[in-house]
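Examining the three-dimensional arrangement
Below are the chains, spelled out letter by letter.
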Amino acid sequence: MSTATAGGGPASGPVPTPGDPPVTPSRSVLGTRPWVAACFLLPALALLGALVVYPIGYSLHRSLFDASGGGFVGVDNYREVFTDDRIRTALRNNVVWVAVAPTVATALGLIFAVLTERVRWATAFKLVVFMPMAISMLAAGIIFRLVYEQDPDRGVANAVWVGVHDTFADPAPFPGAHPRPSGDLAASGGGAFTTKSAVRAGTPAALPLVAVKPEDVSGARDAVPPRAVAGKVTGTVWLDFAKGGSGTAGRVDKGEKALAGVRVEAVKDGKSVASATSAADGTFTLPDSAAGARLRLPAANFAASYGGVDWLGPTLVTPAILGSYIWMWAGFAMVLVAAGLAGVPRELLEAARVDGASEWQVFRRVTVPLLAPVLAVVVITLMINVLKIFDLVYIIAPGSSLDNANVLALQLYQSSFGTDVNQGVGSAIAVLLLLLVLPVMLVNIRRIRRERRR
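Reference entry: report on the structure contained in this document. (Residues numbered from 1 in each chain as written. Predicted model: local features only at pLDDT ≥ 70, side-chain atom pairs only at ≥ 80, totals over all residues. Heavy atoms only, no water.)

**What to know about helix 10 (residues 372–387)**
- Compared with an ideal rise of 1.5 Å per residue, which puts 16 residues at 22 Å, helix 10 spans 22 Å between its outermost C-alpha atoms and is within 8% of the ideal.
- Those residues of helix 10 that are buried lie in contact with helix 3 (85–115), helix 7 (317–342), helix 9 (359–370) and helix 13 (423–453). (Helix = DSSP H or I, 4+ residues; strand = E, 2+ residues; numbered from the N terminus. Expected span 1.5 Å × (residues − 1). Contact = heavy atoms within 4.5 Å.)

Take a look at the structure:
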């Protein structure tokens with residue numbers, strides 16, 4: 001094949017000579033004609049236009065009209081988005097979601113991925129942590145609605161919380177108990193009960209109570225009638241109730257149960273001068289200084305049992321739902337970070353250790369910088385995910401605190417299909433969500449291009 005021109009200069013291209021193969025038409029890098037590639041891409045482009053481009057365009061158009069769709073209102077719907085209290089709460093909650101959920105989930109995933117490298121049962125641990133990802137948002141919402149149940153007998157969170165609380169704070173011995181309305185004991189404010197008459201040394205005092213829960217006296221001993229002791233103030237605290245309704249009110253009858261552990265105070269001029277606690281048989285003894293005083297049963301004897309924390313109340317409902325989301329997605333972050341950690345050159349870590357770096361310094365100055373691209377992928381993915389969170393909030397938050405837990409995706413549904421239907425406002429919220437997602441997507445695209453250039 002000749003490579004020179006007739007004038008002796010360099011050839012502008014190869015010149016075919018007899019025996020060379022015929023020149024074929026140019027093709028793309030992948031070896032496919034452009035029109036063939038276009039034919040294959042056309043169905044996907046049509047589907048993309050029908051499912052993405054058209055809905056975006058229609059939502060933008062619909063957001064400029066009123067609830068009926070027939071009256072042009074311009075930007076009034078967008079003005080309502082930023083002035084309506086419920087939508088502003090949803091926007092504020094979305095900011096909390098974007099700031100907290102991706103950060104905490106990624107941090108936990110990083111910690112789990114690094115720590116599981118040093119244990120034998122790493123695979124089993126990763127399986128357990130990743131397992132919530134196999135559960136749908138609907139199922140996870142139902143699970144955590146039960147976990148956050150207010151009743152400690154049903155809600156796991158409050159069962160644990162109440163157990164810890166009762167370990168350090170003694171519960172009331174007989175919550176809800178009170179005296180008979182016609183007895184000598186009367187309410188004295190703050191949940192306490194005080195005798196109407198003063199007591200005398202050598203004269204026993206009777207302090208009968210009713211409305212005691214059966215489980216609080218299960219296994220209790222029978223009450224003993226008070227005995228007179230010279231120079232002492234004595235008495236008995238008991239459950240003034242006999243099975244079958246027999247017995248006399250205000251008197252210790254056979255089979256009536258003693259109330260042990262009840263604190264009794266002798267009060268003079270509003271001050272406690274002596275106190276005692278009822279024994280297993282219900283009896284108590286006060287010194288002679290209690291003579292002439294009135295007996296008071298403090299409110300601490302009858303305070304309601306600690307019911308735990310109102311996890312789904314207006315104050316804690318958003319952090320509670322955030323906890324359920326992190327429980328689900330920490331495994332996702334762990335798997336991606338672990339995959340990135342497997343590609344980290346071990347010689348760099350060993351070199352840092354040889355140079356005298358501690359494990360914390362190796363983690364902070366070597367491991368984390370090398371994992372920065374993976375961590376960025378996880379954070380950006382979760383940020384996009386939480387901007388459209390809907391299922392967990394809708395299922396977990398009760399009706400009484402749903403407005404406090406509101407997010408934009410849920411408000412979009414309520415505005416478009418709820419009780420006050422206004423698809424103009426709903427479309428405006430949808431456009432706002434799109435605008436919030438776009439910067440995150442652009443950052444992700446720039447990151448991908450930057451990595452390709454490397």
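**Some points on a nonpolar patch on the surface**
- A cluster of nonpolar side chains, Leu41, Leu45, Leu47, Leu48, Leu51, Val52, Val53 and Ile56, forms an exposed patch at the surface whose accessible area comes to about 750 Å².
- Counting through the fold element by element, Leu51 comes out in helix 1 (residues 34–62).
- Overall, Leu51 belongs to the exposed group, its relative accessible area being 59%. (Patch = residues over 30% accessible without salt bridge, like charges linked within 9 Å, V, L, I, M, F, W, Y side chains within 5 Å. Areas by Shrake-Rupley, 256 points an atom, 1.4 Å probe, with all protein chains shown as cover. Salt bridge = Lys/Arg side-chain N within 4 Å of Asp/Glu carboxyl O. Buried < 20%, exposed > 50% of the residue type's maximum accessible area, 1.4 Å probe, protein only.)

**Quick look at the sheet that holds strand 10 (residues 294–297)**
- With antiparallel pairing, the five strands of this open sheet are ordered in space as 3-4-10-7-8. Since the sheet does not close on itself, it has two edges, and those belong to strand 3 (185–187) and strand 8 (271–277), each with one partner. If you compare each strand with its neighbour and ignore which way they point, the axes differ by 30° on average. (Pairing = 2+ DSSP bridges. Axes fitted to C-alpha atoms, helices over the stretch in contact; angles between N-to-C directions.)

**A look at the side chain of Arg447**
- Structurally, Arg447 is set in helix 13.
- On the basis of relative accessibility, which here comes to 9%, the residue Arg447 falls in the buried class.
- Those residues in contact with Arg447 that sit more than four places away from it in its chain are Pro373, Ala376, Val377 and Ile380.

**Quick notes on the nonpolar core**
- Counting 48 residues, the largest nonpolar core has Trp97, Tyr148, Ile321, Tyr325 and Leu392 as its most contacted members.
- When contributions to this core are tallied by element, the ones reaching two or more residues are helix 3, helix 5 (137–147), helix 7, helix 8 (346–354), helix 9, helix 10 and helix 11 (391–396).
- Broken down by element, this core gets its largest block of residues, 13 residues, from helix 7.
- If we ignore the near neighbours within four places in the chain, the residues touching Leu392 are Met137, Ala140, Gly141, Ile321, Ser324, Tyr325 and Ala397.
- If you look at the next biggest cluster of nonpolar residues, it comprises 26 residues, including Val212, Val233, Ala266 and Ala276. (Core = buried A, V, L, I, M, F, W, Y, C linked by side-chain atoms within 4.5 Å.)

**What about the packing of helix 3 against helix 7?**
- Where helix 3 meets helix 7, the closest approach of the two axes is 6 Å, and the angle between their N-to-C directions is 45°. Taken together, the axis directions place helix 3 and helix 7 in an arrangement best described as oblique. Seen from above, helix 3 lies across helix 7 with right-handed handedness.
- Its residues assigned to classes, the contact of helix 3 with helix 7 shows 22 nonpolar, four polar and no charged. (Parallel < 35°, antiparallel > 145°, perpendicular 65-115°, else oblique. Left-handed = near helix turned anticlockwise from the far one by under 90°. Nonpolar A, V, L, I, M, F, W, Y, C, P; charged D, E, K, R; others polar.)

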